[in-house]
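# Notes for the structure review
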2 protein chains.
Amino acid sequence: MAANERSWDRQRANREQRLARARERLGAGLQGKIVDTNLVQELMHQVIECGDRVCLEGNNQKQADFLARTLASLDAGRVNDLHMLQSVLALPEHLDVFDKGIAAKLDFSFSGPQAGRLAKLVSAGKLNIGAIHTYLELFGRYFIDLTPQVALVAAQAADRHGNLYTGPNTEDTPAIVEATAFKSGIVIAQVNEIVDVLPRIDIPADWVDFAVAAPTPHYIEPLFTRDPALISEIQVLMAMMAIKGIYGEYQVERLNHGIGFDTAAIELLLPTYAASLGLKGKIGRNWALNPHPALIPAIEAGFVETVHSFGSELGMEDYVRARPDVFFTGPDGSMRSNRAFSQVAGHYACDMFIGSTLQIDLQGNSSTATLGRISGFGGAPNMGADARGRRHASPAWLKAGEEARRGTNAMPRGRKLVVQMVETFREHMQPAFVETLDAWQLAEQAKMAIPPVMIYGDDVTHILTEEGIANLLLCRTEEEREQAIRGVAGYTPVGLARDARMVENLRDRGIVKRPEDLGIDKRLATRDLLAARNMKDLVRASHGLYKPPKQFRNW
Amino acid sequence: MAANERSWDRQRANREQRLARARERLGAGLQGKIVDTNLVQELMHQVIECGDRVCLEGNNQKQADFLARTLASLDAGRVNDLHMLQSVLALPEHLDVFDKGIAAKLDFSFSGPQAGRLAKLVSAGKLNIGAIHTYLELFGRYFIDLTPQVALVAAQAADRHGNLYTGPNTEDTPAIVEATAFKSGIVIAQVNEIVDVLPRIDIPADWVDFAVAAPTPHYIEPLFTRDPALISEIQVLMAMMAIKGIYGEYQVERLNHGIGFDTAAIELLLPTYAASLGLKGKIGRNWALNPHPALIPAIEAGFVETVHSFGSELGMEDYVRARPDVFFTGPDGSMRSNRAFSQVAGHYACDMFIGSTLQIDLQGNSSTATLGRISGFGGAPNMGADARGRRHASPAWLKAGEEARRGTNAMPRGRKLVVQMVETFREHMQPAFVETLDAWQLAEQAKMAIPPVMIYGDDVTHILTEEGIANLLLCRTEEEREQAIRGVAGYTPVGLARDARMVENLRDRGIVKRPEDLGIDKRLATRDLLAARNMKDLVRASHGLYKPPKQFRNW
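Residues numbered from 1 in each chain as written. Chains lettered and ligands numbered in written order. Predicted model: local features only at pLDDT ≥ 70, side-chain atom pairs only at ≥ 80, totals over all residues. Heavy atoms only, no water.

## So, the relation of the copies chain B and chain A
With an RMSD of 0.0 Å, the operation that places chain B on chain A is a rotation of 180 degrees combined with a shift of 0.0 Å along the axis. Taken together, the rotation angle and the small translation identify this as a two-fold axis. Among all C-alpha atoms of chain B, that of Pro204 of chain B lies closest to the rotation axis, at 3.2 Å. With an isologous cut-off of 70% or more, the 100% of interface residues of chain B that recur at the interface of chain A puts this contact in the isologous class. (Least-squares fit on C-alpha atoms with pLDDT ≥ 70 in both. Contact = heavy atoms within 4.5 Å.)

## What to know about the sheet that holds strand S16 (residues 352–355) of chain B
Residues and elements named next belong to chain B. Read from one edge to the other, the open sheet built from eight strands follows the order S15-S14-S13-S16-S19-S22-S23-S24, with strand pairing classed as mixed. Because the sheet does not close on itself, it has two edges, and the strands there are strand S15 (306–308) and strand S24 (512–513). Pairing between strand S19 (residues 417–421) and strand S22 (residues 462–465): three bridges, direction parallel. Note that in S22 the partner of Val419 across the bridge is His462. Its contacts with the sheet put helix H8 (residues 233–250) on strand S13 (254–257), S16, S19, S22, strand S23 (468–471) and S24, and the angle it makes with S22 is roughly 155 degrees. (Pairing = 2+ DSSP bridges. Helix = DSSP H or I, 4+ residues; strand = E, 2+ residues; numbered from the N terminus. Axes fitted to C-alpha atoms, helices over the stretch in contact; angles between N-to-C directions.)

## Re unusual backbone geometry
Among all residues save glycine, negative phi is the norm, and among peptide bonds the norm is trans. Here the phi dihedral of Asp81 of chain A falls at roughly 65 degrees; this positive angle occurs in a residue that is not glycine. Checked against the element boundaries, Asp81 of chain A lands in the loop between helix H3 (65–72) and strand S4 (82–88). A positive phi is found at Lys447 of chain B, a non-glycine position, where the angle reads about 55 degrees. Along the chain, Lys447 of chain B falls in the loop between helix H15 (438–445) and S22.

## Details of the interface of chain B and chain A
Facing 96 residues of chain B, the contacting portion of chain A comprises 96 residues. With both chains or domains summed, chain B and chain A bury close to 8100 Å², and 60% of this area falls on carbon and sulfur atoms. By the criterion of area lost to chain A, the three top residues of chain B are Trp8, Arg391 and Met411 of chain B, representing 12% of everything that side buries. Counting across the interface, chain B meets chain A through 14 salt bridges. Here Asp458 of chain B makes a salt bridge to Arg388 of chain A, at a shortest N to O gap of 3.1 Å. Between chain B and chain A we count 52 residue pairs in polar contact (both at pLDDT 80 or more) in total. Broken down by element, the residue count for the side of chain B that touches chain A peaks at six residues, all from helix H12 (residues 339–348) of chain B. (Buried area = accessible area lost by both parts, 1.4 Å probe. Salt bridge = Lys/Arg side-chain N within 4 Å of Asp/Glu carboxyl O. Polar contact = N/O pair within 3.5 Å; in protein donor to acceptor, adjacent residues only side chain to side chain.)

## Focus: the packing of helix H1 (residues 10–26) of chain A against helix H2 (residues 40–47) of chain A
Residue and element names in this part refer to chain A. Between H1 and H2, the shortest axis-to-axis distance is 8 Å and the interhelical angle comes to 150 degrees. By the angle between their directions, the pair H1 and H2 is classed as roughly antiparallel. You can see that H1 and H2 cross each other, and the crossing is right-handed. Counting all contacts with H1, which are made through Arg18, Arg21, Ala22, Arg25 and Leu26, the residues of H2 involved are Glu42, Leu43, Gln46 and Val47. Looking at the contact of H1 with H2 residue by residue, the class counts come to four nonpolar, one polar and four charged. (Parallel < 35°, antiparallel > 145°, perpendicular 65-115°, else oblique. Left-handed = near helix turned anticlockwise from the far one by under 90°. Nonpolar A, V, L, I, M, F, W, Y, C, P; charged D, E, K, R; others polar.)

## A look at the sheet that holds strand S14 (residues 352–355) of chain A
With mixed pairing, eight strands are arranged side by side in an open sheet as S13-S12-S11-S14-S17-S20-S21-S22 (chain A). Since the sheet does not close on itself, it has two edges, and those belong to strand S13 (306–308) and strand S22 (512–513) of chain A, each with one partner.

## A look at the pattern of salt bridges
This structure, assessed with the given rule, holds 86 salt bridges over all chains. The salt bridge involving Glu402 of chain A is made with Arg406 of chain A; its shortest N-O contact spans 3.1 Å. Arg486 of chain B is paired through a salt bridge with Glu435 of chain B; the nearest N and O atoms lie 3.8 Å apart. Here Arg486 of chain B is found in helix H16 (residues 478–486), whereas its partner Glu435 of chain B is found in the loop between strand S21 (430–431) and H15, with 51 residues between them in sequence. Among the residues examined, Glu435 of chain B registers a relative accessible area of 51% and is labelled exposed. (Buried < 20%, exposed > 50% of the residue type's maximum accessible area, 1.4 Å probe, protein only.)

## Here we look at the side chain of Asp209 of chain B
Residues and elements named next belong to chain B. By the secondary structure assignment, Asp209 is in the loop between strand S10 (186–195) and strand S11 (210–213). Relative accessible area serves as the criterion here: at 11%, Asp209 is assigned to the buried category. Engagement of the side chain of Asp209 in a polar contact is seen with the side chain of Arg15, the distance being 2.9 Å. For Asp209, the side chain forms a polar contact with the main-chain nitrogen of Val187, separated by 2.8 Å. In this view, Asp209 contacts Arg15, Leu19, Lys33, Gly185, Ile186 and Val187; residues no more than four positions away in its chain are not counted.

## A few points about the environment of Thr357 of chain B
All names here are of chain B. Looking at the secondary structure, you find Thr357 in the loop between S16 and strand S17 (359–360). On a C-alpha basis, the gap between Thr357 and Lys33 in space is 45 Å, while along the polypeptide they are 324 residues apart. Of note is the side chain of Thr357, whose polar atom sits 3.4 Å from the backbone oxygen of Ser367.

## Focus on the environment of Ala432 of chain A
Residue and element names in this part refer to chain A. Along the chain, Ala432 turns up in the loop between strand S19 (430–431) and helix H15 (438–445). Assessed through its relative accessible area of 1%, Ala432 is described here as buried. Distance from Ala432 to Asp202, taken between C-alpha atoms, is 43 Å for residues 230 residues apart in sequence. Discounting chain neighbours no more than four positions away, the residues touching Ala432 are Leu358, Gln359, Ile360, Val422, Glu423, Thr424, Phe425 and Thr492.

## Quick look at the packing of helix H12 (residues 339–348) of chain A against helix H6 (residues 135–142) of chain B
It is at 8 Å that the axes of H12 of chain A and H6 of chain B come closest, and there the two elements cross at 110 degrees. With respect to H6 of chain B, the element H12 of chain A is oriented roughly perpendicular. The segment H12 of chain A lies against H6 of chain B, with Val344, Ala345 and Tyr348 of chain A engaging Leu136, Glu137 and Gly140 of chain B. The class makeup of the residues in the contact of H12 of chain A with H6 of chain B is four nonpolar, one polar and one charged.

## Regarding the environment of Asn60 of chain B
All names here are of chain B. Structurally, the position occupied by Asn60 is in the loop between strand S3 (53–56) and strand S4 (62–63). Taking the C-alpha atoms as reference, Asn60 lies 9.8 Å from Ser109; in sequence the two are 49 residues apart. What Asn60 contacts, discounting residues up to four positions off in sequence, is Val88, Tyr135, Glu171, Leu223, Phe224 and Arg339. Within the local environment of Asn60, its side chain forms a polar contact with the side chain of Tyr135, the two groups lying 3.3 Å apart.

## Looking at the pairing of S14 of chain A
All names here are of chain A. With burial as the criterion, each face of S14 is covered, one bearing Met352 and Ile354 and the other bearing Phe353 and Gly355. Here strand S11 (residues 254–257) runs beside S14; their pairing, made up of three bridges, is parallel. Paired with Leu255 across the bridge in S14 is Met352. Looking at chain direction, S14 and strand S17 (residues 417–421) are connected through four bridges and run parallel.

Pasting the structure below:
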């Protein structure tokens, strides 16, 4: 090669060097692609270089916990300045790498339980946040400007060639591995077991460099399980309003539900209240949803036709396996999840996203960011945004679009229904409605370019509280929108500051609807309407197929 | 099973029946998963049932042409009422199935060369269009309400187990196969050859039911090749305006280019004009793009850091293989494309989409639909829409968002740059600017719920013609927007009807910019600026690695 000629395979050459170092140091501890469990720390020292972009599989549920622990045990003098790419920060180890000086930069989506510590590390200058993303956005960047040099993933099992079985908990693995393996990166998988023959191959061995049997099965959290016993009658009332005032009104057939008791109440009212309204077969037919236990009664009642899932849910394995007409399952009978495709479906193929939030401002912007906590967004921004690239029509999408356009001369276009469902006061009597989101202060503290808003007001179509539904699609001015929001904000300061006459006018125009406007008798809003009132009812509804995790077995 | 008990594995049982029929009828013509080429028609008769949703792999480039031909040869008395799901209708056979009464319904994305015949079949009542989609939207529906019962796909090679190698032309295959295989559907792959050992495994055999060696390699079209000899000096001028007035102005690092000579001109001006402006390293670094031959000089000049591709491009195989630092390649050295992930990246990880269109109205809505042709949208709606779920910031995104927000009190938010680039008159002196899109009449003819708009005016940020750039982000009223559009519409009737004074006012405010406002000397807009002026120059720039298809070898 001439001196002035550029080399175009530096990444591949570098990869070969890393692999050669690993082979040399691991010796007999490396059999093909299978690494001796005790040598994983050494493996990482050989294949990870300072400054690498490292994608650690931290999912909504599944965690590559053994690899996370091992990464946090590396010698920061040898491996440092890592740029971590991660869907979810769930475990203490996910932040230990920053505390110990092994990693310096972070791009992520959600930090749930670690949100407080994350904020502290940022303040202490130990962690530089690149950006907070919605999952699908982060996956997109893996193929553009944040391609990992090293991916540390988790699978159920590997065979001796290095093929992986991710089973029901596939989640983010395909997206991570594809981006890494096809750009000369290195893929290391921790597996629960190494077997001769896999139930099915989910990731071909060609895409995997190393597999290691972890000392314990990977950590997984039952994030979507809600005990029906904890659903309040206020939540039953809100669920009735949602079903009659939104699901039925727009004939919402394809949808996603956020996590929480509010949406669990809706799920449990489908076979009872919704059925009594004659809505079976007309609403809630096709879902992008993890296998929520609360959905079992609706499935059994024949309400639900299909469910495609981002990830699985602990305890639902046998139930899903026994309902392949509803769920996506593999030739081995177990579920197939895939967060990337389910998020695509949630964005483009669903008519509605409904979820909860912590704070809503007078423009309808909402955020789960509160002071001292950098919690991230997860999938909500992707699903809770109008999918402006969507072109296929459905009755729900056309009706929402028609309402948004009414009285204007804009080009006809549909609209996604984005519903924020909140009680006016959340725990500790914190008002859910505020003049100014905490996100503004947080942005200043953490030096973000703009406030971390989860769902923007102009994407929200309805706000639902125990006081009623505000239909923001029909608002034509900023003032109308503000009064519609105040009009369902109850006894919060924001609600009390309403212009009562204007709110009554909005009510006359159908922009604000109270339960009585919807023909809902509040006295019927009792827990008796729930198709399952406790965990045991869910198990019974599943014909014993659902096996709740221990912490939910309270009978 | 009790009489009143519901069965939950009807799909799987049905699948087993289909497979059993195939095994019985094919006998020795079926070796494992490998089907005798002469028996594919018989196979289809056994595994396809009336009314099935059949996904036929018709991609932007790669076509499952043998399977398409065979499908069109089935006995319509035995197999009919099929619901075809297809990204692209490219071949006559794709419509023959409707003409012959084998299929009745169609959901698709793009129909390019078949657009005229498609419109005729719709008029004749032989074909019922479900909807026109953007690619990623159609993939999303595969997991929600349009899951295929049968998928007919194309791969480069299969091994004797049925593992598939899709190589550089992976395109849509993973999305189609995953949706079908994990919902008890049947996957049939045509391959160019059956080999003992694949260069790499792209689709595991567990996801494939049948593989057949096609009599000829699958059809593939060099859709993204543009001969630089055909680039006009008007296009050079427009490319200069794009580079100085948009790419440089917003510092656009991550982007996608639509197909066409307009964007090819930009690609060929990067190493010359853009470099002379000092923009190397500041614009056009990371791309979601097929391997455009016109990008070769910019790659060689070190302008381009990475390219992730939807599909490949004929003749670029060796060049891509020799540039793995830039392109995504597999362990075998050949490219990895993936339309689903590249569309996700185009939507969420790119700061700009720039493409051409056929008609633009006074609100900035644009469409490629013209009378008598139902051509569809391809990837443009997905990439040419503001990604409202995006949360990570970049300078380009923030600046566009700031311009959109200026003078309002909306929540700060970024904006995607969506640029429509057109000459004011297209071929046959048809004006590109119109009072009313043909899409309105087409919607009426084809009984669509709403007009088929490719990119909506409120998603477009800039319109670029030979007369100048209209920055719609800065327009605050409908009237301003209309005059900004008229102000770059040249001598079209729409352009001539401008309010000249208002346009001058918009020019003073930087909303309309002429070449001279950008400091561009029109006399310099000559073909001399192109880094390659013909196909041979491209081959030379590639060091002989690029091998243009025969129809482009004009030297």
